[in-house]
Amino acid sequence: MKLITNNPMVRDFFVGQDDIELEYLDVLGYMDVLKRARDEIHLGQVLLTHPLSGSVKPNETPYKSVAIGKDSLHDIDSLWLIEQAIATYIKFEKNKAMPQWTEQVREDFMVVDFDLIKNALRR
């Protein structure tokens with residue numbers, strides 16, 4: 001399994017776990033995580049977690065973590081889901097850009113993303 005994240009809290013928790021390959025995207029945003037996951041899906045990976053999990057709108061949180069796994073063939077469902085997630089992000093971003101959050105609010109978003117991925121992977 002591979003975990004793509006831009007969340008330092010997720011990175012710190014999952015780093016060094018033998019069964020997870022961690023790809024940390026330093027200083028990049030939510031859209032960058034989605035695009036990186038899409039690139040991996042084009043190379044034969046499959047989504048293990050939904051790219052729009054949680055109730056926070058994609059234009060509100062700067063953090064995202066997505067788990068993917070190996071597949072022997074290209075997974076059309078994963079490709080469709082990631083493309084829809086990217087289109088949704090673009091739609092929300094056009095309506096309202098992400099606010100300049102305080103550090104405390106950004107940390108709260110880190111916790112939300114961390115909790116979602118940790119529970120999805122049952123860690």
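Residues numbered from 1 in each chain as written. Predicted model: local features only at pLDDT ≥ 70, side-chain atom pairs only at ≥ 80, totals over all residues. Heavy atoms only, no water.

Trainee: Help me understand the overall build of the chain in this model?
Mentor: Within the chain, the secondary structure is distributed over four helices and four strands. Along the chain, from the amino end to the carboxyl end, the secondary structure elements read β-α-β-α-β-β-α-α. Each principal axis of the C-alpha atoms in the chain carries an extent, and together these give about 40 × 35 × 20 Å. Here the chain holds 123 residues, and 39% of them are scored as buried. Taking the contacts inside the chain whose residues are at least 6 apart along the sequence as the reference set, 72% of them involve residues at least 24 apart. (Helix = DSSP H or I, 4+ residues; strand = E, 2+ residues; numbered from the N terminus. Buried < 20%, exposed > 50% of the residue type's maximum accessible area, 1.4 Å probe, protein only. Contact = heavy atoms within 4.5 Å.)

Trainee: What is the right way to look at helix α4 (residues 103–120) in this model?
Mentor: Residue pairs spaced three or four apart in an α-helix point in one direction, given the helix's 3.6 residues per turn. Helix length check: α4, at 18 residues, gives a terminal C-alpha distance of 26 Å against a target of 26 Å (1.5 Å per residue), a fit within 8%. When we look at burial in α4, the residues that qualify are Phe-109, Met-110, Asp-113, Phe-114 and Ile-117. Taken end-on, α4 shows its buried residues confined to a sector of 135°, consistent with a single buried face. Among the structural elements, β1 (2–5), α1 (8–14) and β4 (65–70) are those in contact with the buried residues of α4. Two residues or fewer after α4 comes Arg-122, characterised by a positive phi angle close to 50°. (Expected span 1.5 Å × (residues − 1). Arc of directions from axis to C-beta.)

Trainee: Help me understand helix α3 (residues 76–95), please; the structure alone is not making it clear to me.
Mentor: Its 20 residues give α3 an end-to-end C-alpha distance of 29 Å, which sits within 8% of 28 Å, the value for a rise of 1.5 Å per residue. Listing the buried residues of α3 in full gives Ser-78, Ile-82, Ala-85, Ile-86 and Tyr-89. Buried positions in α3, seen along its axis, are confined to an arc of 95° and lie on one side of it. Facing away from the buried side of α3, by more than 90 degrees, are the exposed residues Ile-76, Asp-77, Trp-80, Lys-94 and Asn-95. Where the residues of α3 are buried, they touch α2 (30–42) and β3 (45–47).

Trainee: I keep staring at the packing of aromatic side chains and nothing clicks. Help me out?
Mentor: Counted according to the given criterion, the structure contains four aromatic pairs. A centroid spacing of 5.6 Å and a plane angle of 20° characterise the contact between Tyr-30 and Tyr-89, whose relative ring orientation is stacked. Of this pair, Tyr-30 sits in helix α2 while Tyr-89 sits in helix α3, placing them 59 residues apart in sequence. Feature note: the residues Phe-13, Phe-14 and Phe-114 constitute an aromatic cluster, connected by ring pairs. (Phe/Tyr/Trp six-rings, centres within 6.5 Å; stacked < 30°, edge-to-face > 60°.)

Trainee: I'm lost on the sheet that holds β1 in this one. Help?
Mentor: Sheet strands pair by backbone hydrogen bonding; their relative direction is either parallel or antiparallel. Ordered in space as β2-β1-β4-β3, the four strands form an open sheet in which the pairing is mixed. Here the strands that pair on one side only, and so sit at the sheet edges, are β2 (21–24) and β3. With direction set aside, neighbouring strand axes in the sheet form an average angle of 30°. Both β3 and β4 contribute to a ladder of three bridges, which runs antiparallel. By the bridge assignment, Val-46 is partnered in β4 with Gly-69. In the packing of α2 onto the sheet, contacts are made with β1, β2, β3 and β4, and the angle to β1 comes to roughly 150°. (Pairing = 2+ DSSP bridges. Axes fitted to C-alpha atoms, helices over the stretch in contact; angles between N-to-C directions.)

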